[in-house]
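These are the residues of each chain, in order.
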Amino acid sequence: MHDNTPSIRSKVATDLFWTQLKWTFWFIPIVLISYPVLTFFFAEVQELELTFLSFLFQPAKIYMLVLGIFSIFAFFPYYVKNGVTRKDYFTGSALAAAVLAVTIVLLSVIIMIILQLIGNWTAYSPGTEHLPFLQMSSKWVFPAVVVTCIILSYYIGGWMIALGFYRFGGWGVLLFILIGLLYLSAIDLLWEERPTLPVPDFLPAAAPTFSLGVSLICNLVLIIAGLFLLFRIIRRARIKLD
């Protein structure tokens, strides 16, 4: 019997990627419009002189977190009800999220380069500075890799929170909100040395400074661990009937 599992996973990944990319084509222009506006009206933003990639960083984290949450409620039951196995949905969705993270960063880098070219030819002066933890010898390659890993991690964090609600409900929701927040805070502590999201008081609010290599390896390990946890839960999740 011919195994069409790879084609199913590929179709799920392609469908999810294009669906979320359509939303991204709204998200990025909104951030792009906000970039010069906020720089013009807020002196503290202007003083930072951030590149577009660095300016996009925080909005992209929130955007990917929301997409991760939305993925479970909108896509998971739809695909499983239409005969797609949980494993195929999970694999396709994870691939789509990874490619989407890469695409968002590549688009932001292209926009950053275009803005810098415009600045060379006109009186417009785009930001040229990265966020402190993105200050590297490479102007955009390594920062792009780092941002890709971080925003993909936020998608996984949103996935965790939503899956806990969908799979367990009740106290399981609170547990997975805590797990998700701790997961995202670990990502933030690796790179920004402080948690962006709230964490319990008994946890340290700062972390030692890690080298780029150590932070990147730890981030990749957390991505793999997060996906492993999600797969273990999602393969036993029951589909809720309408």
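Residues numbered from 1 in each chain as written. Predicted model: local features only at pLDDT ≥ 70, side-chain atom pairs only at ≥ 80, totals over all residues. Heavy atoms only, no water.

> It is not clear to me how the overall build of the protein should be interpreted in this structure. Could you clarify?
In terms of helices and strands, the protein carries eight helices and zero strands. The linear arrangement of helices and strands in the protein, starting from the amino end, is α-α-α-α-α-α-α-α. Relative to its full complement of 242 residues, the protein shows a buried share of 43%. Considering only intrachain contacts with a sequence separation of at least 6, the fraction spanning at least 24 residues in the protein is 76%. (Helix = DSSP H or I, 4+ residues; strand = E, 2+ residues; numbered from the N terminus. Buried < 20%, exposed > 50% of the residue type's maximum accessible area, 1.4 Å probe, protein only. Contact = heavy atoms within 4.5 Å.)

> What's the story with the pattern of salt bridges in this structure? I'm lost.
When the charged atoms of two side chains lie near each other, side chains of opposite charge can form a pair. All chains considered together, the criterion is met by four salt bridges. The partner of Lys11 in a salt bridge is Asp15, with the nearest N and O atoms 2.8 Å apart. Placement of the pair is Lys11 and Asp15 together in helix α1 (residues 5-41), with a separation of four residues, close to one helical turn. For Lys11, a relative accessible area of 52% puts it in the exposed group. The salt bridge involving Asp188 is made with Lys61; its shortest N-O contact spans 3.3 Å. Residue Asp188 is located in helix α7 (residues 171-192), and its partner Lys61 is located in helix α3 (residues 52-74); the two are separated by 127 residues in the primary sequence. We classify Asp188 as buried; its relative accessible area is 0%. Residue class for Lys61 comes out buried when judged on its relative accessible area of 1%. (Salt bridge = Lys/Arg side-chain N within 4 Å of Asp/Glu carboxyl O.)

> Can you help me understand helix α6 (residues 141-167) in this one?
Residue pairs spaced three or four apart in an α-helix point in one direction, given the helix's 3.6 residues per turn. Between its first and last C-alpha atoms α6 spans 39 Å; for 27 residues at 1.5 Å apiece the expected length is 39 Å, and the two agree. Most of α6 is tucked away, with 22 of its 27 residues classed as buried. Gly169 sits one or two residues past α6 and shows a positive phi near 65°. (Expected span 1.5 Å × (residues − 1).)

> Sorry, what's going on with the packing of aromatic side chains here?
Each aromatic ring pair is characterised by the separation of its centres together with the angle its planes make. All chains considered together, the criterion is met by 15 aromatic pairs. Measuring from ring centre to ring centre gives 5.2 Å for Tyr78 and Tyr79, while their planes differ by 75°; the resulting arrangement is edge-to-face. The exposure class of Tyr78 is partly exposed, given its relative accessible area of 49%. A relative accessible area of 9% means that Tyr79 is categorised as buried. (Phe/Tyr/Trp six-rings, centres within 6.5 Å; stacked < 30°, edge-to-face > 60°.)

> I would appreciate a short explanation of a positive patch on the surface in the present structure.
A cluster of basic residues, Arg167, Arg232, Arg235, Arg236 and Arg238, forms a positive patch at the surface. Its place among the elements puts Arg236 in the segment after α8 (212-234). (Patch = residues over 30% accessible without salt bridge, like charges linked within 9 Å, V, L, I, M, F, W, Y side chains within 5 Å. Areas by Shrake-Rupley, 256 points an atom, 1.4 Å probe, with all protein chains shown as cover. Lys, Arg positive; Asp, Glu negative; His and termini not counted. Charge placed at Lys NZ, Arg CZ, Asp CG, Glu CD.)

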